Amino acid sequence: AEEDDADEGGSPAPPKEQPNFGLSGKLLAEENMSASGVQLKFAEPSDACKPKLRWRLYPFKKDCSLEPYPVHRQSAYLFGRDRKVCDIPTDHPSCSKQHAVLQFRRVHVAKEDGREVPTIKPYIMDLESTNGTRLNKEILPTRRFVELKAGDMLQFGFSSREYVLIHEDLVSKEQVRL
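Residues numbered from 1 in each chain as written. Predicted model: local features only at pLDDT ≥ 70, side-chain atom pairs only at ≥ 80, totals over all residues. Heavy atoms only, no water.

*Asks:* What's the story with the pairing of strand E6 (residues 100-110) in this structure? I'm lost.
*Replies:* Working note: regular strand, side chains alternate between the two faces of the sheet. The pairing of strand E4 (residues 76-80) with E6 spans 4 bridges and is antiparallel. By the bridge assignment for E6, Tyr77 is matched with Leu102. Note: E6 against strand E7 (residues 116-126), 11 bridges, orientation antiparallel. Of the residues in E7, the one forming a bridge with Ala110 is Glu116. The loop that links E6 with its antiparallel partner E7 comprises 5 residues; one of these, Gly114, has a positive phi angle of about 95°. (Pairing = 2+ DSSP bridges. Helix = DSSP H or I, 4+ residues; strand = E, 2+ residues; numbered from the N terminus.)

See the structure below:
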């Protein structure tokens, strides 16, 4: 029996791959369906979580400020042209139907004393859009979560709209300084 576990050179065989009982194929496609019957281009990760801070997304078109979007009521917000499934519409023709997703995730952050503390942070992921997503004017890689910080600016496709992410505590502190 030991001979079966070793190859001809005498080194042990690599460990066998464990079975994966996660959803795949048609079952995964059904799981990623929206209430309107449109298949979503992403599935929320296991560490998805609603934020405790009251985040807002402030859109600007040229020098004009538009109505802010509250983005603290759910764990993910989908950007795109498809109004059936998108939480925040990006009506510009250069934007994809499902362009990007803003996802809040629970991550562990190491403190100075060495302890790890769970924290909820915002992330953005481009959903393989045709014309890309920009974070602070830099194009993002597709299908990868990129951490966002308060004050970061997002742009979708070739739209002139800029979206600035700020949480309520930061706004309150700025108003006190003024």
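There's more to say after this.
*Asks:* Which parts of the structure should I look at to understand the pairing of strand E11 (residues 153-156)?
*Replies:* Of the two faces of E11, the one lined by Met153 and Gln155 and the one lined by Leu154 and Phe156 are each fully buried. With 2 bridges joining them, E11 and strand E12 (residues 161-167) adopt antiparallel strand pairing. What sits directly across from Leu154, in E12, is Tyr163. As consecutive antiparallel partners, E11 and E12 are separated by 4 residues, and within that stretch Gly157 has a phi angle of approximately 60°, a positive value. (Buried < 20%, exposed > 50% of the residue type's maximum accessible area, 1.4 Å probe, protein only.)

*Asks:* Please explain the pattern of salt bridges as it appears in this structure.
*Replies:* Think of it this way: side chains of opposite charge can pair up when their charged atoms draw near. For the structure on display, the rule yields 9 salt bridges. The salt bridge involving Arg83 is made with Asp91; its shortest N-O contact spans 2.5 Å. Under the relative-accessibility criterion, Arg83 is labelled exposed at 55%. (Salt bridge = Lys/Arg side-chain N within 4 Å of Asp/Glu carboxyl O.)

*Asks:* Explain the layout of surface pockets here, please?
*Replies:* To find leftover empty space, a probe the size of one water molecule is rolled over the atoms. Roughly 230 Å³ of volume is contained in the largest pocket. Lining the largest pocket are 12 residues, with Leu40, Phe42, Glu44, Ala76 and Asp87 positioned closest to its centre. Taken together, the residues of the lining of the largest pocket sort by class into 7 nonpolar, 3 polar and 2 charged. (1 Å grid on protein atoms, 1.4 Å probe; cavity = no way out; pocket = protein on both sides within 12 Å on 5 of 7 lines; lining within 4 Å. Points joined across faces, edges and corners; volume = space filled by probe spheres on them. Nonpolar A, V, L, I, M, F, W, Y, C, P; charged D, E, K, R; others polar.)

*Asks:* What exactly am I supposed to notice about the sheet that holds strand E5 (residues 88-89) here?
*Replies:* In a beta sheet, neighbouring strands are held together by backbone hydrogen bonds and run either parallel or antiparallel to one another. The mixed open sheet is built from 5 strands, whose spatial order is E5-E4-E6-E7-E10. Two strands lie at the open edges of the sheet, namely E5 and strand E10 (146-147), each paired on one side alone. Here E7 pairs with E10 via 2 bridges, running antiparallel. Across the sheet, residue Tyr123 finds its bridge partner in E10, namely Glu147.

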